[in-house]
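# Observations on chain architecture
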Amino acid sequence: RGGFAVHGQVDPGIEWYKVLEDESNLWPGAMPLTEKPTAAFINRISKEWKISDKIIVNSSYSKESLVTHGVSQDKIQIIPLSFNGLIRPRENIKTSIKKKLNILFVGNLSLAKGIQYYGHVAKLLSGLGFDFFAAGNLALDKKFYNSMNWPIELLGHLSPDEMSEQYKRTDILIFPTNKIFNFFFIDVFIF
């Protein structure tokens, strides 16, 4: 109709399904088989990208994924996700030093987000002065998850207020967003 069209792309598009398929092949039994995108879905999303004047994504990985599928990079604007809560810096760093560091993974606990790699690291560092936590919905098969014996405390889905409180107890935040060259690169924030 001639109006300016903005498309909010909350994931890496078609690439999301490829990541899930690749990781499911590496971790058999971890998640129920996910459906593959239909031709109708691919056609629809491709049309949406084509008619959009601007496409908003939340990471460079999502931008690269869309460009791989033919979207002009000039159309894409990265606007990172943000946390609108207030976290106050520790007043006295000497009093904040403790025996263990709290490490928090935030995101759906799925193969695409890399919970399997976080679990592996948690096992490697178990007993070395770290406590591992994960906030988000468990997308892995429960039996598979339990069989891995990862030393991670599952917090489940938390409200914004609960997340704010959890952030205050966190020393290192693991916010998984990117998958490039078959390795998960994790944005790490140290509070």
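Below is a short write-up of the structure. These numbers were taken from a predicted model, which means no experiment stands behind them.

Once that is clear, we can look at unusual backbone geometry. For N149, which is not a glycine, the phi torsion comes out positive at approximately 55°. Examined against the element boundaries, N149 turns out to sit in the loop between α6 (142-148) and β6 (152-156).

On to the sheet that holds strand β1 (residues 6-8), then. Across the sheet, three strands lie side by side as β1-β2-β3; this open sheet has parallel pairing. Edge positions in the open sheet fall to β1 and β3 (76-78), since each of these has one partner strand only. Adjacent strand axes in the sheet meet at a mean angle of 25°, parallel and antiparallel pairs treated alike. In the sheet, strand β2 (residues 54-57) pairs with β3 via three bridges, with the strands oriented parallel. Of the residues in β3, the one forming a bridge with I55 is I76. In this fold helix α3 (residues 60-68) packs onto β2 and β3, with an angle of close to 165° to the strand it touches most, β3.

On to the side chain of H7, then. Assignment of secondary structure puts H7 in strand β1. Of the polar contacts made by the side chain of H7, one reaches the side chain of Q9; its length is 2.9 Å. The contact partners of H7, leaving out residues within four places of it in the chain, are I45, E48, W49, S52, K54, I55 and I56.

Below, the discussion takes up the packing of aromatic side chains. For the structure on display, the rule yields eight aromatic pairs. Judged by centre distance (5.9 Å) and plane angle (75°), the rings of Y17 and F41 are edge-to-face. Of the two residues, Y17 is situated in helix α1 (residues 14-26) and F41 in helix α2 (residues 39-51); the sequence distance between them amounts to 24 residues. Ring centres of F105 and Y118 lie 5.1 Å apart, and the angle between their planes is 35°; this geometry places the pair in the tilted category. On the criterion of sequence distance, the pair formed by F105 in strand β4 (residues 101-106) and Y118 in helix α5 (residues 115-125) is long-range, its members being 13 residues apart. Each member of the pair, F105 as well as Y118, carries the same accessibility label: buried.

Next up on the list: the pattern of salt bridges. Summed over the entire model, instances satisfying the criterion amount to five salt bridges. When the shortest N-O distance is used, the salt bridge between K18 and D22 registers 3.0 Å. Here K18 and its partner D22 are both found in helix α1, four residues apart, which amounts to about one turn of the helix. Overall, K18 belongs to the partly exposed group, its relative accessible area being 42%. Note on D22: relative accessible area 24%, which makes it partly exposed. With a closest N to O distance of 3.1 Å, E165 and K168 form a salt bridge. Residue E165 and its partner K168 are located together in helix α7 (residues 160-168), separated by three residues, close to a single helical turn.

This brings us to the environment of K100. You can see K100 is positioned in the loop between α4 (93-96) and β4. Using a relative accessible area of 39% as the deciding quantity, one classes K100 as partly exposed. Separated by 27 residues in the primary sequence, K100 and G127 place their C-alpha atoms 9.5 Å from one another. Beyond its immediate sequence surroundings of up to four residues, K100 is in contact with G129, F130, D131 and D171. One polar contact links K100 to D131, side chain to side chain, over a distance of 3.4 Å.

If you check α1, its first and last C-alpha atoms are 19 Å apart, about what 13 residues at 1.5 Å a residue would give, namely 18 Å. Considered for burial, the residues of α1 that qualify are I14, E15, V19, L20 and E23.

Criteria and thresholds
- Residues numbered from 1 in each chain as written.
- Predicted model: local features only at pLDDT ≥ 70, side-chain atom pairs only at ≥ 80, totals over all residues.
- Heavy atoms only, no water.
- Helix = DSSP H or I, 4+ residues; strand = E, 2+ residues; numbered from the N terminus.
- Pairing = 2+ DSSP bridges.
- Axes fitted to C-alpha atoms, helices over the stretch in contact; angles between N-to-C directions.
- Contact = heavy atoms within 4.5 Å.
- Polar contact = N/O pair within 3.5 Å; in protein donor to acceptor, adjacent residues only side chain to side chain.
- Phe/Tyr/Trp six-rings, centres within 6.5 Å; stacked < 30°, edge-to-face > 60°.
- Buried < 20%, exposed > 50% of the residue type's maximum accessible area, 1.4 Å probe, protein only.
- Salt bridge = Lys/Arg side-chain N within 4 Å of Asp/Glu carboxyl O.
- Expected span 1.5 Å × (residues − 1).

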